[in-house]
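Geometric and topological summary
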Amino acid sequence: MVLKTGAGVLADRRRLPTAVRAVLGYYADTGVFDAGSLSLKSEIDDRTESMVDDVTDRIEDALEDEFGRPVEFSYDTKLILPAQLTLGYVYRNARQQAPGDPVIDTIADGVPTVDETALEKGPAQDLAPREMVVRAEQMTRLSIEALIDGDMRDAINDDEFEDFEVDFDVSEADRRRVAEVAQSALQSHLDGLLEDMPPVVENAYQWAVDYSEAHQDRDDYFRELMTAAEDGDADALTDIREAYKFAEYDEEPATLTETEKELPYSKTQYARVGVLYDGMLDLYRLAGLDIDDEFAKAIVLAIIGAQVWLDDVDDYEDDRAEGQLTPVTAEYLLAPDDEAAYRRVVDVTEQYLDLAKSYATAADSPLTGVAVEYIYRSGDPDVLPGKPE
């Protein structure tokens, strides 16, 4: 108890690195400290960085063809964290089943393959630990490409090109050109990967994309509600509460239960970002990997919490000015004053992240629990108006 209390005190010291504070905070909250998971994180980061480098290399080749000169390209995205955590989850389970196996202890190089007949059998398989890590590698590679591709598509649709970085000066027109060439190169390779897999894999991927795009198709409607609410329309406020904050699911989520479905903004934020990670986890399951329901819920809830706590909080001023409805801008419309809105944003975030952390612990995934803690300690709600004195 003394150690946990001391860890909690240290976790609140902002001068310490956020990663250290996250480890200490998770231990203080749960009593779980797993040194092996921290070591595994470094390995997973290196492995997935290699996968991202492969994506970058293909894009740079396409940009060189387009611009007639060598190009250094980078794309800033945080969306691959769930894929990293899932790979770490499978590796940890495999190592626990076969401790000391040198094949499992060293993450494999190259692109592993998965037998199509195995994929067609579905998740109910008894895989050897070595086969588990091989399949997890392939699904992680596929997931990373799919997540980056989806993020690039959204950025292009929103005319946001600042994350598409190259090592030469480009005009505004060329910024779009860089983005479209990069996304096209990635999509072409991703389509090839999917074509080489059984239809059930592509169907699972397409289901998640279609579900998310159906939500995006309602963006204009939500913008209209926000504009009307800003003008004092009481009916618009009611519609925001009923159709956005407490919207009912018209299609059941693959992972979430009644507990999660009743959270504020559950349906809209599941459709916005959560479903993409549900779809990602389905890919692992289709490869025969045992993905625990608690782990899946931890991932989906964590990514929704991160979207609100990191992106929507930071973008509040811009979103409010541009008429973009998010859980944060919604609360500043629905609450009686700024201080109440501030408290509600913090409360909504903590509901998601606290549940995510509890599910990570139940799934015996300390790496995921620490990641959830890191998300929470990386947020800066003080940029919002109405901070209580």
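Scoring rules and cut-offs
- Think of each chain on its own: its residues are numbered from 1, step by step along the sequence as written.
- Per-residue local features are limited, in this predicted model, to residues with pLDDT of at least 70; the limit for side-chain atom pairs, both in listing and counting, is 80 or more; totals at the level of whole chains, interfaces and linings are taken over all residues.
- Side-chain metrics in this entry use all non-hydrogen atoms of the structure; hydrogen atoms and water are not considered.
- A run of H or I in DSSP becomes a helix once it reaches four residues, and a run of E becomes a strand once it reaches two; helices and strands are each numbered from the N terminus.
- To estimate how far a helix should extend, the number of its residues minus one is multiplied by 1.5 Å.
- For the exposure calls, accessible area comes from a 1.4 Å probe over protein chains only, and a residue counts as buried if that area is under 20% of its type's maximum, exposed if over 50%, partly exposed in between.
- Any carboxyl oxygen of Asp or Glu within 4 Å of a side-chain nitrogen of Lys or Arg constitutes a salt bridge here.
- The predictor's confidence in any single residue is recorded as pLDDT, a number from 0 to 100.
- Here a residue-residue contact requires only that any non-hydrogen atoms of the pair lie within 4.5 Å.
- For this analysis, a nonpolar core means a set of buried residues of the types Ala, Val, Leu, Ile, Met, Phe, Trp, Tyr and Cys, connected via side-chain atoms within 4.5 Å.
- Note on geometry: axes are C-alpha line fits, over the in-contact stretch for helices, and angles between N-to-C directions span 0 to 180 degrees.
- For classification, angles of less than 35 degrees are called roughly parallel, those exceeding 145 degrees roughly antiparallel, those between 65 and 115 degrees roughly perpendicular, and all remaining angles oblique.
- Helix crossings get a hand from a simple test, with the near helix turned counterclockwise from the far one by less than a right angle marking a left-handed crossing and a clockwise turn marking a right-handed one.
- Centres within 6.5 Å are what make two rings of Phe, Tyr or Trp a pair, Trp counting through its six-membered ring; a difference in plane orientation under 30 degrees is then read as stacked, over 60 as edge-to-face, and the rest as tilted.
- A positively charged side chain is recorded as over a ring if its NZ (Lys) or CZ (Arg) lies within 6 Å of the ring centre. The angle to the ring normal must also be within 35 degrees.
- Patches here: salt-bridge-free residues with over 30% relative accessible area, like charges joined within 9 Å, nonpolar side chains (Val, Leu, Ile, Met, Phe, Trp, Tyr) joined within 5 Å.
- For every accessible area listed, the method is Shrake-Rupley and the probe measures 1.4 Å; residues are considered covered only by the protein chains on display.
- Lys and Arg are tallied as positive, Asp and Glu as negative. Neither His nor the chain termini are counted.
- Each charge is placed at NZ for Lys, CZ for Arg, CG for Asp and CD for Glu.

Turning our eyes to something else, we now look at helix α8 (residues 172-195). Helix length check: α8 (24 residues) gives 35 Å between terminal C-alpha atoms against 34 Å at 1.5 Å per residue, within 8%. Of all the residues in α8, the buried ones are V178, A179, V181, A182, Q183, A185, L186, L190 and L194.

Within the structure shown, the criterion is met by 27 salt bridges. Between E339 and R343 there is a salt bridge whose closest N-O contact spans 3.0 Å. Pair noted here: E339 and R343 are both in helix α17 (residues 338-362), with a separation of 4 residues, about one helical turn. Judged by relative accessible area, which is 36%, E339 ranks as partly exposed. Exposure remark for R343: the relative accessible area of 48% places this residue in the partly exposed category.

Before going further, it helps to examine the confidence of the model for the chain. Summing up the model confidence of the chain, the mean pLDDT is 86 and the portion of residues at 70 or higher is 87%. Ranking the elements of the chain by mean pLDDT puts helix α1 (residues 2-11) last, at 45, and helix α16 (residues 327-334) first, at 98. Note on residues 108-114: pLDDT under 50 across the span, and 15 contacts to partners over four residues away in sequence or across chains.

In this structure, L63, F73, M152, F164 and I240 are the most contacted members of the largest nonpolar core, which totals 101 residues. With 12 residues, the top contributor of residues to this core is helix α7 (residues 129-157). When near neighbours in sequence (up to four residues on either side) are disregarded, L63 contacts G68, R69, V71, F73, V166, V178 and V181. Among the nonpolar cores identified, the runner-up in size contains 13 residues, and V313, V328, Y332 and V345 belong to it.

Moving on: the side chain of D312. Along the chain, D312 falls in helix α14 (residues 293-314). Sequence-distant contacts of D312, that is, excluding residues within four places in its chain, are made with R272, Q307, D319, T326, P327 and V328.

For the pair α17 and helix α18 (residues 366-378), interaxial distance at closest approach is 8 Å and the crossing angle is 165°. Regarding the angle of α17 to α18, the classification is roughly antiparallel. Pair α17 / α18 crosses with left-handed handedness. On α18, the residues touching E350, L353, A356, K357 and A360 of α17 are T368, G369, V372, E373, I375 and Y376.

Scanning all chains against the criterion turns up 11 aromatic pairs. On the basis of an interplanar angle of 40° and a centroid distance of 4.7 Å, the ring pair of Y316 and Y332 is categorised as tilted. Taken as a pair, Y316 in helix α15 (residues 316-322) and Y332 in helix α16 lie far apart in primary sequence, 16 residues in all. For the pair shown, Y316 and Y332 are each scored as buried. The rings of W207, Y211, Y249 and Y270 are connected pair by pair, giving a single aromatic cluster. If you follow R177 out to its NZ or CZ, it ends over the ring of F67, 4.2 Å from the centre.

Our focus in this paragraph is unusual backbone geometry. The residue Y265 is not glycine, and still its phi comes out positive at about 65°. Its location among the elements puts Y265 in the loop between α12 (258-261) and α13 (266-286). Its identity is not glycine, yet D364 carries a phi of approximately 60°, on the positive side. Structurally, the position occupied by D364 is in the loop between α17 and α18.

To continue, consider the environment of V313. With respect to the helices and strands, the residue V313 is situated in helix α14. If sequence neighbours within four positions are ignored, V313 has contacts with V308, V328, V345, D380, P381, V383 and L384.

What follows concerns the side chain of D151. With respect to the secondary-structure elements, D151 resides in helix α7. Contacts of D151, omitting those with residues within four sequence positions, involve Y75, T77 and L79.

A few words on a negative patch on the surface. On the surface, D158, E160, E162, D311, D314, D315, E317, D318, E322 and D380 cluster together into a negatively charged patch. Broken down by secondary-structure element, the contributors of at least two residues to the negative patch are α14 and α15.

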